[in-house]
Amino acid sequence: MSTEVTDAPSTPRQRVRIQTGEREDLGAREPANGTAPALAGAGQAKPAARETIFDVRDISVSYGASTAIAGVSLKVPRHLITALIGPSGCGKSTFLRCLNRMNDTVPGFGLTGQILYHGNDLYAPRVDPVEVRRRIGMVFQRPNPLPKSIYDNVAWAPRNLGMKANLDERVERALRGAALWEEVKDRLKQSAFGLSGGQQQRLCIARAIAIEPDVLLLDEPASALDPIATASIEELMLNLKHRFTIVIVTHNMQQAARIADRTAFFSLEVSAGKRTGALVEYDETSTIFTRPKDPRTGDYVTGRFG
Amino acid sequence: MSDLESTSEGGTALLDPPDHFDDLFASERLDPARPLTASRQLRRRQIFSRAMESTQTAAALLAVAMLAFVVYSVASRGASVLSFEFLTAGPPAIEETAGGGIGPMIVGTATLVGIATVIAMPIGILAALYMTEFASRRAARLLRMVLDLLFGVPSIVLALFVFELIVAGKSESGFAGSFALAIIMLPLVARASQETLLLVPQGLRDAAAALGVSHWRALRGVVLPSALGGIITGTVLALARAAGESAPLIILSAVFSRTVNFNIFSEATPNIPVYIYKASTAANPYGWARAWGAAFVLLLFILIVNIGARALHARGRRKMAR
Ligand SMILES: Nc1ncnc2c1ncn2[C@@H]1O[C@H](COP(=O)(O)OP(=O)(O)OP(=O)(O)O)[C@@H](O)[C@H]1O
Ligand SMILES: [Mg+2]
């Protein structure tokens, strides 16, 4: 089952356009040469219809013989936080990792359907996955700092990508962006392993935003953290969404309700003994949590299931 | 409950065991209130496991005793010869006299092993990188098997191969010896490197990949540095093994003079193993003393290198585990 969400505020005209399958003015506002949008564009007035960053069209993913998710379609709008929720094993991580081709190296990985990113097919033959990941950053569930100093953790990718000008400034800005600067500014040369779990996770976020990606994918970034570190990461998300499009996987309903603009609920469908993940409902977060259309969504978000 | 049933068909079987479940396992059921002393069955098992434990301890002690005995017997005969002169001077012009030393052989063995390392290390590391990072599973398995087979080839056979390849029709040379030692080192370096590369956590690779940095740069900047400790340890252990190899050198680099020479391409390089072989098989007690001294030097070198490499490795592991 798949669901599409029209862009709020939705007008009848837009509905019709989507039903006829027409894409929303993609291409017209595509960033020049696909580079990350300038930071200056952040605080503009809310446009009537948001640009679609990801247009996922009926994808199914398999690992070897087993199907992880099937028939998922959804659109991720620009500069919003989209949350993915659902029971364990329903394919949230799988879906997220498809969005920046992190699954490519997984043995047996197979994908059917289409994922359009700014209108370009992510899995077209000539697309370079390294270039994809340069624009679509990712933060993982377990903090995974590089075995380098705090400074080098942030500076490593910019250096390797040829962004060597004003490196100190770039590092500082990234660390400030991740709300970590004040805590680490006097120990930049020390090993990143000396940081606490929450600090390490913010360092990973700083590392991801240092190369100014277009999109930030986060896979349960706060699941290993205490409530205070979690709160600071959530606050961070709300600040970062003005600069990046964010897709976040979370097991925490309150977290999704607090920070996400859109929420997608995935569930496990059992048929013929096989368990396959599917998208049940995708809508405004408030709708998902207060007036879900599907009873399974309601059961899940109120804690009666999963 | 009705909610649960409606959402997960087939899940109920796990919740309700069949009625005869209790009878089925009645004889094996535990009485939790029984005194906490060992049952007869448990006592029997404990006796058996104690017997096994002592056998294993004895075997382990035997291995330790073996090493201690070898070290002691070499040290008791070789240590007395050891002196500054012994480590620096060449053997005396007339072999049937006391004094002199094995300086040129020490320099020569260092040269041979150094060149072998220079050849084997990059090839071994690249082969390991290929196996862990680029090859398909089948290709990696195949290459691993080839390396294990290469490791199993007797060194005397390798020596004949290198003799045909480099020496036949020309003269013996230090390079030929180094080349054979490199073939011996290659599988050791490659397999040790591969094992360390496999230990690099997936999270680190993901971290590098998710930053849009190319595969090779990620390898060079993140994966290789974190595996470097293990790679160096493996190489050093291989080097220690090569330092004591005698069969290839007897065939490829044995007819050497008493002085240091670096003409590795045209002359045999003096080396410790062949010197030990020659001096100990000649009917000359002064040579025997020097042979024991040389054996002691070689043994010390190998022991120190092994222990040092392992200590380094342990430190690297601890650092990686953090
Ligand atoms: N690398 C892999 N190889 C094979 N199967 C995999 C792999 N990764 C995930 N799967 C399978 O795909 C299905 C979906 O897994 P996924 O990790 O996407 O779930 P999830 O929703 O993220 O779960 P969780 O909330 O526990 O993280 C599971 O059945 C899982 O076993
Ligand atoms: Mg997951």
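Above: the structure in question.
Presented here is an overview of the structure given in this document.

Procedures and definitions
Residues numbered from 1 in each chain as written. Chains lettered and ligands numbered in written order. Predicted model: local features only at pLDDT ≥ 70, side-chain atom pairs only at ≥ 80, totals over all residues. Heavy atoms only, no water. Helix = DSSP H or I, 4+ residues; strand = E, 2+ residues; numbered from the N terminus. Rg over C-alpha atoms; globule rule 2.2 N^0.38 Å. Buried < 20%, exposed > 50% of the residue type's maximum accessible area, 1.4 Å probe, protein only. Contact = heavy atoms within 4.5 Å. Lys, Arg positive; Asp, Glu negative; His and termini not counted. Charge placed at Lys NZ, Arg CZ, Asp CG, Glu CD. Buried area = accessible area lost by both parts, 1.4 Å probe. Salt bridge = Lys/Arg side-chain N within 4 Å of Asp/Glu carboxyl O. Polar contact = N/O pair within 3.5 Å; in protein donor to acceptor, adjacent residues only side chain to side chain. Nonpolar A, V, L, I, M, F, W, Y, C, P; charged D, E, K, R; others polar. Pairing = 2+ DSSP bridges. Near = heavy atom within 4 Å. Areas by Shrake-Rupley, 256 points an atom, 1.4 Å probe, with all protein chains shown as cover.

### Topic: the overall build of chain B
If you tally the helices and strands in chain B, you get 14 helices and zero strands. The C-alpha atoms of chain B give a radius of gyration of 29 Å, which is well past the 20 Å a tight globule of 322 residues would have. If you line up chain B on its principal axes, its C-alpha atoms span 100 × 60 × 35 Å. Looking at chain B as a whole, 37% of its 322 residues are labelled buried. Of the contacts formed within chain B by residues at least 6 apart in sequence, a portion of 73% connects residues at least 24 apart. Side chains of chain B carry 27 positive and 21 negative charges; the gap between the two charge centres is 9 Å.

### Comments concerning the interface of chain A and chain B
Reports often express the size of an interface as the amount of accessible area lost when the parts come together. Across the boundary between the two partners, chain A contributes 25 residues, which contact 20 residues of chain B. Carbon and sulfur atoms supply 65% of the area buried between chain A and chain B, which totals about 1,900 Å² over both sides. The tally of links from chain A across to chain B stands at zero salt bridges. On the surface where chain A and chain B come into contact, there are three residue pairs in polar contact (both at pLDDT 80 or more). Contributions of two or more residues to the side of chain A that touches chain B are made by α3 (129-135), β6 (136-139), α4 (150-160) and α7 (197-210) of chain A. For the side of chain A that touches chain B, a count of residues per class yields 16 nonpolar, three polar and six charged.

### A short note on the pairing of strand β4 (residues 109-117) of chain A
Residues and elements named next belong to chain A. Both strand β1 (residues 52-63) and β4 contribute to a ladder of eight bridges, which runs antiparallel. Bridging across to β4, Tyr-63 finds its partner in Phe-109. The sheet contact formed by β4 and strand β5 (residues 120-121) spans two bridges and is antiparallel. The residue bridging Leu-116 from the neighbouring strand is Asp-121, located in β5. Hairpin connection of β4 to β5: two residues between the antiparallel strands, including His-118 at a positive phi of 50°.

### Section: the pattern of salt bridges
Residue and element names in this part refer to chain B. This model, assessed by the stated rule, comprises 22 salt bridges over all chains. Where Arg-290 meets Glu-95, a salt bridge forms, and the shortest distance between an N and an O atom there is 3.4 Å. Here Arg-290, found in helix α14 (residues 285-321), pairs with Glu-95, found in the loop between α5 (84-88) and α6 (103-134); they are 195 residues apart in sequence, far enough to count as distant.

### Thoughts on the site of ligand 1
Residue and element names in this part refer to chain A. Contacts to ligand 1 come from Tyr-63, Ala-68, Ser-88, Gly-89, Cys-90, Gly-91, Lys-92, Ser-93, Thr-94, Val-106, Glu-220 and His-251. In the model, an oxygen atom of ligand 1 is placed 2.8 Å from a nitrogen or oxygen of the Gly-89 main chain. At 2.5 Å, a side-chain N or O of Thr-94 approaches an oxygen atom of ligand 1. A total of 630 Å² of accessible area belongs to ligand 1 in isolation, and the protein chains cover 59% of it. Sort the elements by how many residues they give to the shell around ligand 1 and helix α2 (residues 92-99) lands first, with three residues. Here the shell around ligand 1 is composed, by residue class, of four nonpolar, six polar and two charged.

Keep in mind these values describe shape, not function.
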